[in-house]
Amino acid sequence: MAHIKNMYDIRLKPRLLRSLIKDYLPEEFRHPIPSPHELSYLVKTLQTFRLLSEAFPEECSSDVVENWTAAVDDWIERLLILVTCEMPDKCWVGVSLLGLTCQECSSSRFLSSYSFWLDDLIPLLDPSSEAQTLKVVCCISISDLFIRLGGYSNVKKDGTSYAAKLVQPLLKLLNEDTSEAVLEAAATLLCTILTFFPSSVDCDYEIAETSIVSQIMSWRSNLNVLRRCAQCLSLLPKSRGDDESWLLMIQKILASINYNLNDAFLGLEGGKDIPTPLGGQEMSREAFYLARRRSKQLLHLIPTLMLSCCMMLVNPYPAQVSVPINSLLALVERVLKVDGSMSQSLLPTTAAMQQEFICSELPALHLASLDLLEAIIRGVRSQLLPHAAEIIGLLKECFTRCVLPGLRVKIYMIIRIFLLTQGIGVALHIGEEVISNAFIDLDVICYGSGVESSHTCSKITTEALTQLSCKKRKRVDVTRTLEEHQEGVDSEVPVPENNSTSPTPLKIAALEALETLLTMGLGGALRSDCLQSNIELLLINVATNAFDGEWNTEEDKVFAAMFHCNSVDLQIAALRALLACLLLPVRVRPCHLIKGLELFRKGKREKETRLAEFCAHALLALENCGQTGSFSVTEIAYAERSSSHVEGFNHNLSEKEQSGGKEGDILPLSTPQSSDIWLGNDNTENTETDILQATEDLLAKNRKEVIVLEPDQYPNPISIEGVNEVSQDG
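Each residue is numbered by its place in its chain's sequence as written, counting from 1. Given that the model is predicted, a residue must reach a pLDDT of at least 70 before its local features are reported, and side-chain atom pairs must reach 80 or more before they are shown or counted; all residues, however, enter totals for whole chains, interfaces and linings. The side-chain numbers reported here are obtained from all heavy atoms of the structure, hydrogens and water having been left aside.

**Student:** Would you mind showing me how to read the overall build of the protein chain here?
**Tutor:** A run of DSSP states H or I qualifies as a helix once it reaches four residues; a run of E qualifies as a strand once it reaches two. Both are numbered from the N-terminal end. Within the protein chain, the secondary structure is distributed over 29 helices and zero strands. Buried means the residue's accessible area, taken with a 1.4 Å probe over protein chains only, is under 20% of the maximum for its type, while exposed means over 50%, and partly exposed covers the values in between. The buried share among the 730 residues of the protein chain stands at 49%. Pairs at least 24 apart in sequence give 78% of the contacts found in the protein chain among residues at least 6 apart. A 1.4 Å probe and the Shrake-Rupley method give the accessible areas. Residues count as covered only by the protein chains that appear here. Summed over all atoms, the accessible surface of the protein chain reaches about 35600 Å², with 52% contributed by carbon and sulfur. Pairs of residues are marked as contacts when any of their non-hydrogen atoms sit within 4.5 Å.

**Student:** Help me out: how do you make sense of the packing of helix α6 (residues 132-149) against helix α8 (residues 180-196) in this one?
**Tutor:** Two quantities define a packed helix pair, namely the angle between the helix axes and the distance between the axes. Where α6 meets α8, the axes come as close as 9 Å, and the angle between the chain directions of the two elements is 15°. As far as their axial angle goes, α8 and α6 are roughly parallel. In the crossing of α6 with α8, the sense of the turn from one axis to the other is left-handed. Here Q132, K135, V136, C139, I142, S143, F146 and I147 of α6 lie close against α8, whose contacting residues are A181, V182, A185, A186, L189, T192 and F196. Each residue belonging to the contact of α6 with α8 can be placed in one class, and the counts come to eleven nonpolar, three polar and one charged. A fitted line through C-alpha atoms represents every axis, and for helices the fit uses only the stretch in contact; the resulting angles, taken between N-to-C directions, go from 0 to 180 degrees. We call two directions roughly parallel when the angle between them is under 35 degrees, roughly antiparallel when it is over 145, roughly perpendicular when it lies between 65 and 115, and oblique otherwise. In this scheme the crossing of two helices becomes right-handed for a clockwise turn of the near helix relative to the far one and left-handed for an anticlockwise turn of less than a right angle. Each residue receives one of three labels: charged for Asp, Glu, Lys and Arg, nonpolar for Ala, Val, Leu, Ile, Met, Phe, Trp, Tyr, Cys and Pro, and polar for the others, Gly being one of them.

**Student:** Before we go on, may I ask you to explain helix α9 (residues 205-218) in this structure?
**Tutor:** Quick reminder: α-helices carry 3.6 residues per turn. Residues three or four places apart thus point the same way. With 14 residues, α9 extends 20 Å from end C-alpha to end C-alpha; this agrees with the ideal 20 Å at 1.5 Å per step. Looking only at α9, the buried set comprises Y205, A208, E209, S211, I212, Q215 and I216. The buried residues of α9 occupy an angular sector of 165° when projected down its axis, which confines them to one face. By definition here, a helix of n residues has an expected span of 1.5 Å times n minus one. Read the arc as the range of directions from the helix axis to the C-beta atoms.

**Student:** Help me understand the pattern of salt bridges, please; the structure alone is not making it clear to me.
**Tutor:** Note that side chains of opposite charge can pair when their charged atoms are close. The term salt bridge refers to a pairing of a side-chain nitrogen on Lys or Arg with a carboxyl oxygen on Asp or Glu at a separation within 4 Å. Taken as a whole and judged by the stated rule, the model has 17 salt bridges. A salt bridge links R109 to D73; the shortest N-O distance between them is 2.7 Å. A residue pair is termed long-range when its members are at least 10 positions apart, and R109 in helix α5 (residues 107-121) and D73 in helix α3 (residues 62-83) qualify at 36 residues. The class for R109 is buried, based on a relative accessible area of 12%. One salt bridge in this structure joins K410 and D371, with 2.8 Å as the shortest N-O distance. Pair noted here: K410 is in helix α16 (residues 405-422) and D371 is in helix α14 (residues 349-380), with a separation of 39 residues, a long-range link. Residue K410 is classed as buried on the basis of its relative accessible area, which comes to 12%. Several salt bridges share partner residues, and in doing so they unite D371, E374, R378 and K410 into one network.

**Student:** Honestly, the layout of surface pockets in this entry has me stumped. Any pointers?
**Tutor:** In this approach the atoms are scanned with a rolling probe the size of a water molecule, which exposes any empty space left behind. The distinction between a cavity and a pocket rests on a 1 Å grid over the protein atoms alone: a 1.4 Å probe fits inside a cavity but cannot get out, while a pocket stays open yet meets protein on both sides within 12 Å along at least five of seven lines, and a residue with an atom within 4 Å of a point counts as lining. Grid points are joined across faces, edges and corners, and a volume is the space filled by probe spheres set on the points. Empty space within the second largest pocket amounts to approximately 740 Å³. If you trace the second largest pocket, you find 27 residues lining it, with R227, P303, L367, A368 and D371 closest to the centre. When its residues are assigned to classes, the lining of the second largest pocket shows 19 nonpolar, four polar and four charged.

**Student:** I tried to follow the packing of α3 against α5 on my own but got confused; where do I start?
**Tutor:** Remark: α3 packs on α5, axes separated minimally by 11 Å, with the N-to-C direction vectors making an angle of 15°. One way to sum up the angle between α3 and α5 is to call them roughly parallel. The two elements α3 and α5 cross, and the hand of that crossing is right-handed. When α3 is examined against α5, the residues T69, V72, D73, I76, L80 and V83 are found in contact with a partner set consisting of R109, W117, D120 and L121. Residues that form the contact of α3 with α5 fall into these classes: six nonpolar, one polar and three charged.

**Student:** Where do I start with helix α2 (residues 36-49) in this structure?
**Tutor:** Across its 14 residues, α2 extends 20 Å between first and last C-alpha, which sits within 8% of the 20 Å expected from 1.5 Å per residue. Buried within α2 we find L39, L42, T45 and L46. Looking straight down α2, one finds that the buried residues subtend no more than 130° of arc, so they occupy a single side. The exposed residues of α2 that point more than 90 degrees off its buried face are P36, H37, K44 and T48. In the core, the buried residues of α2 are packed alongside α1 (12-24), α3 and α4 (88-104). Taken from the residues just after α2, R50 is the one with a positive phi, measuring 50°.

**Student:** Help me out: how do you make sense of the environment of L518 in this one?
**Tutor:** Structurally, L518 can be placed in helix α20 (residues 504-519). Of the residues examined, L518 reaches a relative accessible area of 4% and is grouped as buried. Residues L518 and G431 lie 87 residues apart in sequence; the distance between their C-alpha atoms is 9.3 Å.

**Student:** How do you make sense of the nonpolar core when you look at a structure like this?
**Tutor:** The nonpolar side chains of soluble globular proteins are, as a tendency, buried together. Nonpolar core, defined: a set of buried Ala, Val, Leu, Ile, Met, Phe, Trp, Tyr and Cys residues in which side-chain atoms within 4.5 Å join the residues together. In terms of nonpolar packing, the biggest core is built from 193 residues, with W75, F146, L170, I376, L575 and F600 touching the most fellow members. The contact partners of L575, leaving out residues within four places of it in the chain, are A543, F547, L599, F600, L611, F614 and C615.

**Student:** Please explain the environment of A546 as it appears in this structure.
**Tutor:** Tracing the backbone shows A546 in helix α21 (residues 529-548). The exposure class of A546 is buried, given its relative accessible area of 6%. Separated by 29 residues in sequence, A546 and L575 have C-alpha atoms that sit 9.8 Å apart.

**Student:** Please clarify how the packing of aromatic side chains should be interpreted in this entry.
**Tutor:** Planes of paired rings set the category: under 30 degrees apart is stacked, over 60 is edge-to-face and the rest tilted, where pairs are Phe, Tyr or Trp rings (Trp by its six-membered ring) whose centres lie within 6.5 Å. Enumeration according to the criterion identifies eight aromatic pairs in this entry. Consider the rings of F146 and F197, whose centres lie 5.6 Å apart with planes at 65°: the pair is edge-to-face. Within this pair, whereas F146 is found in helix α6, its partner F197 is found in the loop between α8 and α9, the two being separated by 51 residues in sequence. The class for F146 is buried, based on a relative accessible area of 0%. The rings of F110, Y114, W117, Y152 and Y162 are connected pair by pair, giving a single aromatic cluster. Two conditions define a charge sitting above a ring: the NZ of Lys or the CZ of Arg must be within 6 Å of the ring centre, and it must be within 35 degrees of the ring normal. Residue placement shows R148 over the ring face of F110; its charged tip is 5.0 Å from the ring centre. Its guanidinium or amino end placed over the ring of F197, K156 lies 5.2 Å from that ring's centre, counting from NZ or CZ.

**Student:** It is not clear to me how the environment of L233 should be interpreted in this structure. Could you clarify?
**Tutor:** Its place among the elements puts L233 in helix α10 (residues 223-235). Residues L233 and M312, spaced 79 residues apart in sequence, show a C-alpha to C-alpha distance of 8.8 Å. Beyond its immediate chain neighbours, meaning those up to four positions away, L233 contacts I212, V213, I216, M249, I253, L305 and S308.

**Student:** Any chance you could explain unusual backbone geometry here in plain terms?
**Tutor:** Trans is the common state for peptide bonds, and a negative phi is the common state for residues other than glycine. Positioned with a positive phi, E54 is a non-glycine residue whose angle comes to about 50°. By secondary structure assignment, the location of E54 is in the loop between α2 and α3. What makes E54 buried here is its relative accessible area of 12%. Of note in the backbone geometry, R381 takes a positive phi value of approximately 55° without being a glycine. Topologically, R381 is positioned in the loop between α14 and α15 (388-401).

**Student:** What am I meant to see in the state of the cysteines here?
**Tutor:** Between two cysteines, a covalent bond joining their sulfur atoms is known as a disulfide. To count as a disulfide, a pair of cysteine sulfur atoms needs to be within 2.5 Å. The tally for this structure, following the rule as stated, stands at zero disulfides. There is no disulfide at C138, and the cysteine sulfur nearest it, in C139, is 6.1 Å away.

**Student:** I would appreciate a short explanation of the confidence of the model for the protein chain in the present structure.
**Tutor:** Detailed conclusions should not be drawn from predicted coordinates in areas where pLDDT is low. Looking at the protein chain as a whole, its pLDDT mean stands at 78, while 70% of the residues score no less than 70. This stretch, residues 642-685, has a pLDDT under 50; its non-local contacts, to residues over four places away or in other chains, come to 81 contacts. Looking at any residue, its pLDDT shows the predictor's confidence there, from 0 to 100. Predicted confidence is poor over residues 701-730, with pLDDT under 50, and the contacts of this stretch with residues over four places away or in other chains come to 20 contacts.

This is the structure:
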């Protein structure tokens with residue numbers, strides 16, 4: 001046997017493939033099946049070296065081509081022997097590796113062989129078979145085969161014919177099998193068929209709908225099975241492909257949801273009282289537990305049906321459809337209005353127990369209704385504009401009602417999507433609510449940020465935005481406005497109880513919504529100096545606390561893990577919002593520019609790659625503002641000098657500083673030498689001297705970190721994409 005050149009030599013592939021066949025797929029049936037570790041190594045080697053791809057280079061000799069082709073033939077022949085083996089464990093190995101082969105083999109081999117593979121796999125889905133694990137892996141392998149087959153348009157007819165043979169066996173599995181693994185695998189395969197070969201289900205449409213709904217109604221499956229069944233139900237109208245089937249399906253689902261809500265919300269909705277028990281007798285404990293089981297079934301059924309509606313709204317459909325938007329919004333509003341309250345006259349002992357159970361399930365229902373609202377916004381997009389006012393009112397009411405962090409996270413996510421899809425007109429109407437709630441959820445009172453109270457901040461923000469809506473052009477003095485509220489006032493936005501600290505996912509969601517609000521254009525309308533200054537300082541404090549790890553409590557880490565986020569995500573979210581605020585195209589300068597630059601430089605030195613990359617990008621963006629004349633070195637020096645007077649929302653100024661009347665003002669857009677700049681006295685010459693001295697001090701302090709260049713001297717900056725490519729190549 002001749003030596004190969006290196007690991008990339010094409011002659012290595014057939015040799016390696018034959019070695020794997022010999023070591024892990026022996027011809028003797030007495031040999032034990034490969035262990036899970038050996039199977040993992042086998043799969044990894046096949047995928048790493050692409051041993052089944054038969055991708056021959058142009059200069060490849062005919063001997064090598066024949067050798068590799070023969071090795072792949074041997075591999076498939078050995079797999080088919082295992083697939084037809086009567087021993088379930090060996091058959092399981094063969095079916096599993098055949099599914100991998102469907103993904104890894106060449107197109108020519110796949111198109112010439114898939115029909116033979118299906119002929120061997122379909123009989124294994126016999127519902128009467130007791131080999132449950134074999135059914136599961138068979139469904140997965142056939143699903144992999146159909147996914148690849150769906151990518152070839154020239155075999156659609158043949159694929160539809162084979163898919164039609166599988167519909168009835170799959171529906172029998174859904175109706176008769178009790179194994180959750182088999183149910184999930186069968187539902188997954190049915191979803192694949194409906195996605196790539198939907199017309200194959202047309203002849204069994206009614207039977208498929210009945211089987212899927214029965215599985216959802218049975219309440220004997222786990223959440224994964226219910227989710228798959230909801231997906232099947234949402235894809236079912238594609239088998240007919242017309243608008244009437246889609247509309248009829250979503251109307252049926254909405255009718256079922258509302259019908260079941262009538263039972264679940266009995267006595268919990270305004271104007272719908274519980275009827276007097278028959279004969280005046282209270283419900284027995286046995287009857288109560290029976291009713292509770294029924295309610296529990298309903299409260300698991302309703303979110304599943306809502307999920308199906310969500311999928312119908314966001315997934316593509318071959319025909320243009322009419323969305324019953326009024327019914328959908330009415331359903332969302334109906335669920336969100338229920339908070340578990342009940343009239344005291346209707347609270348016998350058993351009803352109170354029932355009320356307690358309903359309240360424990362309401363967060364899941366509220367979250368499902370918010371998911372539906374998000375799907376409505378994503379699916380209808382700009383055509384939702386005539387209903388924008390209704391949705392804005394609904395979102396404002398959600399902020400008032402929803403106190404649980406998980407629900408508030410979802411509200412911020414919905415608002416962000418709503419802003420991106422509807423534009424600045426919506427932002428101007430909902431911006432006040434977003435900013436006011438962000439001040440509360442970002443915990444500005446915590447960790448020594450110098451903030452007086454969340455109530456005060458929210459009220460200040462509300463008043464500043466009210467001035468915007470009234471189009472008042474009078475400048476607001478930050479110090480005066482805040483001192484007027486030092487005694488404390490009631491916020492127009494309710495502060496959640498026991499809000500000592502908000503979890504990290506909630507902070508990230510609030511920051512992302514605030515960033516979107518600032519970036520998309522509402523920032524250009526922020527003519528209030530007070531509002532802009534408060535937002536800047538809020539983001540500075542949040543970013544600083546995120547760097548210091550002030551919020552890294554054990555309870556917060558557990559909650560953050562549920563949302564797959566960490567402290568680095570919080571740091572990046574805070575800095576992204578801060579950058580958007582500093583880059584606002586407004587008539588006043590960012591008064592906390594120096595603090596922001598310090599945070600970005602600090603983040604650039606961090607070991608975390610994502611954080612360092614973003615901070616480098618932010619510094620480039622801010623340097624570009626300096627290059628274009630938005631900021632000058634003299635103004636930066638003044639901002640640093642002034643920032644010492646703006647350490648918090650409460651300004652404790654001496655009488656001498658107050659007499660100047662301008663000590664805490666935000667720097668106007670005019671040049672530093674203009675008469676609009678005040679440093680606490682009226683001596684213009686001394687003012688200019690102080691500014692120049694502050695500039696020299698700044699340059700001396702940051703000589704190693706800041707390089708002042710003329711516009712033509714700036715080198716070509718490295719983009720974030722370039723940095724990513726370099727890191728990936730390394």
